[in-house]
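# Coordinate analysis (summary)
So you can see what is in the structure, the chains are spelled out below.
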Amino acid sequence: MFPFGHQPTPKPVTDTFSEIDDPLRRVMAAHGSFDRRTPALPVSLLAPAAANALSSGPTTRRRGILAAGMAALRLGTLRVQLARWLSFEPAFVLQGKAGDVELRRYDALIEACARVDDVTLEEAIDHGYGRLAGYICGDNQTGELLARTTPILTAMRDGCYTISFVMPSGRTLDGLPRPDHPGIELRMVPPRGIAALRFHGRCTRDNIAAHERVLLCELFHAGFSARGSISLASFDAPATLPILHRNELWIEVI
């Protein structure tokens, strides 16, 4: 079982399983100019208020910076919530809970997958995300713009990271456009049971490792058996404030 909380040595043999950004960023990704870590939203929200604050006295400056921060938080929260409402998320049946872990049943899904050879998790997500974002933005044989989906699924399979986007419901494998990029594969995922643990914040090694332990302990104490490796599911845009980030760890249960 591959723990996301530790960086893999090059090419380990193991298995594992994550967000589509707003339309502007998707178009940027399709043209090779997208960087997941670009803090465009917070900077654009804070800049006007910060400029006014810096031209005032110390007390007014502190108040202005605080007000700018609160405004950014409120607008960031609204943006995240709107993105969640407007994004397709695969439906599931909640079958129970084991502590904080949800036991879900997912129907069959179609995923677009990109395998990347990067050593670190962050590099793998960057490269896989950009490749798949290009596909849904029209880098396919018909030039079709596909509906945005969430989450991004990140897995370790056969020594490589696999980044996956779930395709919109109602589509068939034969009905989806073929990717232009040879490193993208469309595949059918059969129905399965998933144990999911939600957490917030950045997907750092320490944050993921701490929640991996919780997920596995909850399943062990509840008497469930797991199959495969832990997968990372990310639901929010990279520019989202860390406190608002919704992430989950998934593992198949049998």
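Residues numbered from 1 in each chain as written. Predicted model: local features only at pLDDT ≥ 70, side-chain atom pairs only at ≥ 80, totals over all residues. Heavy atoms only, no water.

## Things to note about the overall build of the chain
Along the chain, the regular secondary structure elements total five helices and nine strands. Scanning the chain from its N terminus toward the C terminus, one meets helices and strands in the order α-α-α-β-β-β-α-β-β-β-β-α-β-β. Counting the 254 residues in the chain, one finds 47% classified as buried. Approximately 12,600 Å² of the chain is accessible, and the part contributed by carbon and sulfur atoms is 59%. (Helix = DSSP H or I, 4+ residues; strand = E, 2+ residues; numbered from the N terminus. Buried < 20%, exposed > 50% of the residue type's maximum accessible area, 1.4 Å probe, protein only. Areas by Shrake-Rupley, 256 points an atom, 1.4 Å probe, with all protein chains shown as cover.)

## Some words on the pattern of salt bridges
By the definition in use, this model includes nine salt bridges. E248 is paired through a salt bridge with R104; the nearest N and O atoms lie 2.9 Å apart. Taken together, the residues E248 in strand β9 (residues 246-253) and R104 in strand β2 (residues 101-106) connect sequence positions 144 residues apart. Here R104 falls in the buried class, since its relative accessible area comes to 2%. Ionic pairing is found between R192 and E111, a salt bridge with its closest N-O pair at 4.0 Å. With R192 in strand β7 (residues 192-200) and E111 in strand β3 (residues 109-116), this pair connects stretches of sequence that are 81 residues apart. Considered together, R192 and E111 belong to a single accessibility category, that of buried residues. Through salt bridges with shared partners, one network takes in E89, E102, R104, R198, R246 and E248. (Salt bridge = Lys/Arg side-chain N within 4 Å of Asp/Glu carboxyl O.)

## Notes on the environment of I208
Examined against the element boundaries, I208 turns out to sit in helix α5 (residues 205-222). Note on I208: relative accessible area 0%, which makes it buried. Counting along the chain gives 41 residues from I208 to L249, while the straight-line C-alpha distance between them is 8.1 Å.

## Comments concerning the nonpolar core
Counting 36 residues, the largest nonpolar core has Y135, M167, A195, L215 and L219 as its most contacted members. With eight residues, helix α4 (residues 121-136) is the single largest residue contributor to this core. Leaving out residues up to four positions away in the same chain, L219 has contacts with V101, L103, A195, F224, I251 and V253. Among the nonpolar cores identified, the runner-up in size contains nine residues, and L153, V166, I194 and A196 belong to it. (Core = buried A, V, L, I, M, F, W, Y, C linked by side-chain atoms within 4.5 Å. Contact = heavy atoms within 4.5 Å.)

## A few points about the sheet that holds β3
The strand order across the open sheet formed by nine strands is β1-β2-β7-β9-β8-β4-β5-β3-β6, and the pairing between neighbours is antiparallel. This sheet does not close on itself; its edge strands, each paired only once, are β1 (92-98) and β6 (184-189). Pairwise comparison of adjacent strand axes, ignoring direction, gives a mean angle of 30° for this sheet. Where α4 meets the sheet, its contacts fall on β3, β4 (152-157), β5 (160-166), β6 and β8 (226-234), and the angle it forms with β5 comes to roughly 40°. Along the sheet face, α5 touches β1, β2, β7, β8 and β9 and points at about 135° away from the line of β7. (Pairing = 2+ DSSP bridges. Axes fitted to C-alpha atoms, helices over the stretch in contact; angles between N-to-C directions.)

## Details of the packing of aromatic side chains
Applying the stated criterion across every chain yields a total of three aromatic pairs. Judged by centre distance (5.3 Å) and plane angle (35°), the rings of Y106 and W250 are tilted. With Y106 in strand β2 and W250 in strand β9, the pair connects residues that are 144 residues apart, well separated along the chain. According to the relative accessible area criterion, Y106 is buried, its value standing at 2%. W250 sits in the buried class, given a relative accessible area of 3%. Considering the side-chain rings of Y129 and F165, the 5.9 Å spacing of their centres and the 75° angle between planes classify their relative orientation as edge-to-face. With a gap of 36 residues between them, Y129 in helix α4 and F165 in strand β5 connect regions that are remote in the sequence. An identical accessibility class is assigned to Y129 and F165; each is buried. Aromatic rings pair up to connect F92, Y106 and W250 into one cluster. Between R104 and the ring centre of F92, over which it is positioned, the NZ or CZ distance is 4.4 Å. Here the basic side chain of R246 rests over the ring of F235, its NZ or CZ set 3.7 Å away from the ring centre. (Phe/Tyr/Trp six-rings, centres within 6.5 Å; stacked < 30°, edge-to-face > 60°. Lys NZ or Arg CZ within 6 Å of the ring centre and 35° of its normal.)

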